[in-house]
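Per-entry structural report
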Amino acid sequence: MIRSVRELPAGPGVYRFRDDAGKVLYIGRARNLRRRVQSYWVNLGDRPHLQRMVRRIARVEGVWCDSEHEAAWLERNLLEHSKPRWNRTEGGAEVVGYIRLADGSKPGLRFEHTISGGGPHFGPYLGGLRIRRAISGLHRVLPLQYTVAGDGSAEEFGRLFGIGPADRDALARTAIAVLLKEPASVETLRSELVRRRDRAAGELRYEFAAKVQGEIEALEWICAEQKVAWMEPRDADVYGWADGVLVRFELRSGRMCTWTQRAVGEATARERVAATPALWQPFARRNAELAARLLKVTS
């Protein structure tokens, strides 16, 4: 096994394999980088087609992400930009989607494939099923769809929930706060879903408890930190330097789409690192340190 595997973090991220000539063989993502990369030398399981590739791996590179969602987006962006030989698809299989806050006669949260229609949009997110489950969880605690006047059935359900049209603005503000990932709002909503899940389990309603657990996991997915896919078409050059290694990420039209690294001196790197937007500096620095460790044990 390549010694550098031990230097990978036990956290989410993207990994890349290179051969002796420096050519990229494969790009993948993992919930646990160290465990996933180690599996190529321990048990390929349902991936026997990769055995010939493993024999050609000379170097492992990794990006330590802040969440599984961020790792999923980065893998997708990288593969859409350039697909190595051993990757079967150009991008991830997950559906890209947004959550729209609708108002008017049919208020509530809607899944959208693109930014269209009225009301604010949030995202982008990966995974159609996860997005829909997150919406279900939000509606479970914030039943905006029942804050309608003049709709008999909606008004009846609203009375059961103890809400009406006058509550719409307050519920909408809370939903927006959650979708903007405000920590206190996210934790309050998550805690309420946990309370309902545990109550259902205590009443032996296990199927319902499992459904709410799926909503909790989906909420955590869409509210997780991720900086590599934006709704706004922004551009940025992101640099990190550590121990003689300069790591560069390009953000183009809102997507972090390239990842390169090379050996340079601190004086050469200083200006580039200083120009990196503050939002990405911890990410870039952490991954430059990781790149330096991996190169040190490989050389």
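Residues numbered from 1 in each chain as written. Predicted model: local features only at pLDDT ≥ 70, side-chain atom pairs only at ≥ 80, totals over all residues. Heavy atoms only, no water.

**Overview of the overall build of the chain**
Looking only at helices and strands, one finds 10 helices and nine strands in the chain. With the C-alpha coordinates aligned to their principal axes, the bounding extent of the chain is approximately 70 × 45 × 30 Å. For the chain, the proportion of its 299 residues judged to be buried stands at 50%. Pairs at least 24 apart in sequence give 61% of the contacts found in the chain among residues at least 6 apart. A total accessible area of about 15000 Å² is found for the chain, and carbon and sulfur atoms account for 49% of it. Charge-centre separation for the chain: the mean point of 49 positive side chains lies 6 Å from the mean point of 37 negative side chains. (Helix = DSSP H or I, 4+ residues; strand = E, 2+ residues; numbered from the N terminus. Buried < 20%, exposed > 50% of the residue type's maximum accessible area, 1.4 Å probe, protein only. Contact = heavy atoms within 4.5 Å. Areas by Shrake-Rupley, 256 points an atom, 1.4 Å probe, with all protein chains shown as cover. Lys, Arg positive; Asp, Glu negative; His and termini not counted. Charge placed at Lys NZ, Arg CZ, Asp CG, Glu CD.)

**As for the sheet that holds strand E2 (residues 24-30)**
Strand order across the open sheet formed by three strands is E2-E1-E3, with antiparallel pairing between neighbours. Where the open sheet ends on each side, the last strands, each with one partner, are E2 and strand E3 (59-64). In this sheet, neighbouring strand axes are inclined to one another by 20° on average, regardless of whether the strands run parallel or antiparallel. Judged from the six bridges that link them, strand E1 (residues 13-18) and E2 form a sheet pairing that is antiparallel. Bridged to Arg 18 within E2 is Val 24. Relative to E1, helix H1 (residues 33-42) is tilted by about 30°, and along the sheet it contacts E1, E2 and E3. Against the sheet, helix H3 (residues 68-81) contacts E1, E2 and E3, and its axis sits at roughly 155° relative to E2. (Pairing = 2+ DSSP bridges. Axes fitted to C-alpha atoms, helices over the stretch in contact; angles between N-to-C directions.)

**What to know about the state of the cysteines**
Applying the stated criterion across every chain, the model contains zero disulfides. This cysteine, Cys 65, is not joined by any disulfide, and Cys 257 carries the nearest cysteine sulfur, 15 Å off. (Disulfide = S-S within 2.5 Å.)

**Regarding the side chain of Asp 19**
In this structure, Asp 19 sits in the loop between E1 and E2. A polar contact of 2.9 Å, which involves the side chain of Asp 19, links it to the backbone nitrogen of Lys 23. Those residues within four positions of Asp 19 in sequence are excluded, and the remaining contacts are Leu 25, Arg 56 and Ala 58. (Polar contact = N/O pair within 3.5 Å; in protein donor to acceptor, adjacent residues only side chain to side chain.)

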